[in-house]
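# Per-entry structural report
The chain contents come next:
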Amino acid sequence: MTEIEQVLTRVAVQARDSRPWGWPSLPAPVDAATLDRARETLGFPLPPLLAALYEQVGDGGFGPSYGLLPLLDAAPSGEPAAVAQYLANREYGRKDPEWPWPEGVLPISHWGCGMYACVDCRSPQATVLLYEPNADAADGAWFVDAPTLTDWLCVWMDGTGWYEETDKGTDLAPWDDFRIRTAPAPQQAP
């Protein structure tokens with residue numbers, strides 16, 4: 001059994017046995033056509049584990065806090081869809097260059113107060129980032145929540161995340177690539 005298969009098996013059990021706030025039931029998984037539409041809309045593919053979660057476990061409704069966002073359609077919980085939230089964040093960042101949203105960083109779970117867990121779809125390991133917009137500047141709003149999506153899911157399933165009442169104040173490291181990933185592209189000479 002591969003690492004992805006092991007994680008999917010554990011997540012599927014946890015997803016059946018717990019329900020985040022606002023989710024009356026676990027939504028059905030998405031089909032391959034939905035994953036294709038998401039990829040086309042985003043302009044990049046989902047990391048393999050994230051795609052497998054949506055295709056094999058459910059279209060959101062499991063995970064920490066308010067749970068994984070649905071991929072393309074709004075949820076019964078009132079949470080936005082991940083793709084729509086990404087596009088809205090990118091548009092907002094274009095309108096306010098002081099708060100750019102990095103290309104390829106997909107919000108996957110809402111923490112409340114504008115905070116999101118996001119997957120860096122451009123990183124080979126699918127780093128999970130915490131976006132905390134209550135900072136004074138955009139540079140201080142991004143943190144590394146987990147080095148991989150697998151780690152992030154395991155922390156949730158083990159009940160050891162920074163968001164747990166039993167956590168003793170884990171400090172998250174700043175995401176050092178924020179400015180690199182949001183810098184304007186150099187202008188081409190005519």
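Refer to the structure presented above.
Overview of the structure. (Residues numbered from 1 in each chain as written. Predicted model: local features only at pLDDT ≥ 70, side-chain atom pairs only at ≥ 80, totals over all residues. Heavy atoms only, no water.)

### Focus on the overall build of the protein
- Of the regular secondary structure elements, the protein holds six helices and five strands.
- Element order for the protein, N to C, with α for helix and β for strand: α-α-α-α-β-β-β-β-α-β-α.
- Compactness check: the protein gives a C-alpha radius of gyration of 16 Å against a globular reference of 16 Å for 190 residues, within 12% of the reference.
- In terms of overall dimensions, the protein has C-alpha extents of about 55 × 45 × 35 Å along its principal axes.
- Sorting the 190 residues of the protein into buried and exposed places 48% on the buried side.
- Long-range contacts, defined as pairs at least 24 residues apart, comprise 56% of the intrachain contacts of the protein with a sequence gap of at least 6.
- By element, 53% of the accessible surface of the protein is carried by carbon and sulfur atoms, the whole surface being about 9,700 Å².
- Averaging the locations of the 12 positively and 27 negatively charged side chains of the protein gives two centres separated by 4 Å. (Helix = DSSP H or I, 4+ residues; strand = E, 2+ residues; numbered from the N terminus. Rg over C-alpha atoms; globule rule 2.2 N^0.38 Å. Buried < 20%, exposed > 50% of the residue type's maximum accessible area, 1.4 Å probe, protein only. Contact = heavy atoms within 4.5 Å. Areas by Shrake-Rupley, 256 points an atom, 1.4 Å probe, with all protein chains shown as cover. Lys, Arg positive; Asp, Glu negative; His and termini not counted. Charge placed at Lys NZ, Arg CZ, Asp CG, Glu CD.)

### Let's talk about the environment of N89
- You can see N89 is positioned in helix α4 (residues 82-95).
- Exposure remark for N89: the relative accessible area of 12% places this residue in the buried category.
- Considering only alpha carbons, one finds N89 and D73, 16 residues apart in sequence, at a separation of 17 Å.
- If near-sequence neighbours (up to four positions away) are discounted, N89 is found in contact with W101 and P107.

### A look at the pairing of strand β2 (residues 115-120)
- Taking burial as the measure, the six residues of β2 include six buried ones, the bulk of the element.
- Burial along β2 is two-sided: M115, A117 and V119 and Y116, C118 and D120, pointing in opposite directions, are all buried.
- Here strand β1 (residues 105-112) runs beside β2; their pairing, made up of six bridges, is antiparallel. Counterpart to L106 in the pairing with β2 is V119.
- Once β1 ends, the chain turns through two residues before running back antiparallel as β2, passing C113 with a positive phi of about 55°.
- Bridge analysis of β2 against strand β3 (residues 128-131) gives four bridges, and the strand direction is antiparallel. Pairing of C118 across the sheet is with L129, part of β3. (Pairing = 2+ DSSP bridges.)

### Focus on the pattern of salt bridges
- All chains considered together, the criterion is met by six salt bridges.
- A salt bridge links E103 to R122; the nearest nitrogen and oxygen atoms lie 3.0 Å apart. One end of the pair, E103, is in the loop between α4 and β1; the other, R122, is in the loop between β2 and β3, and 19 residues separate them in sequence.
- For E103, a relative accessible area of 25% translates into the label partly exposed.
- The residue R181 makes a salt bridge to D120 at a minimum N-O spacing of 2.7 Å. Remark: D120 occurs in strand β2 and R181 occurs in helix α6 (residues 178-182); sequence separation between them is 61 residues.
- By relative accessible area, D120 is classed as buried at 3%. (Salt bridge = Lys/Arg side-chain N within 4 Å of Asp/Glu carboxyl O.)

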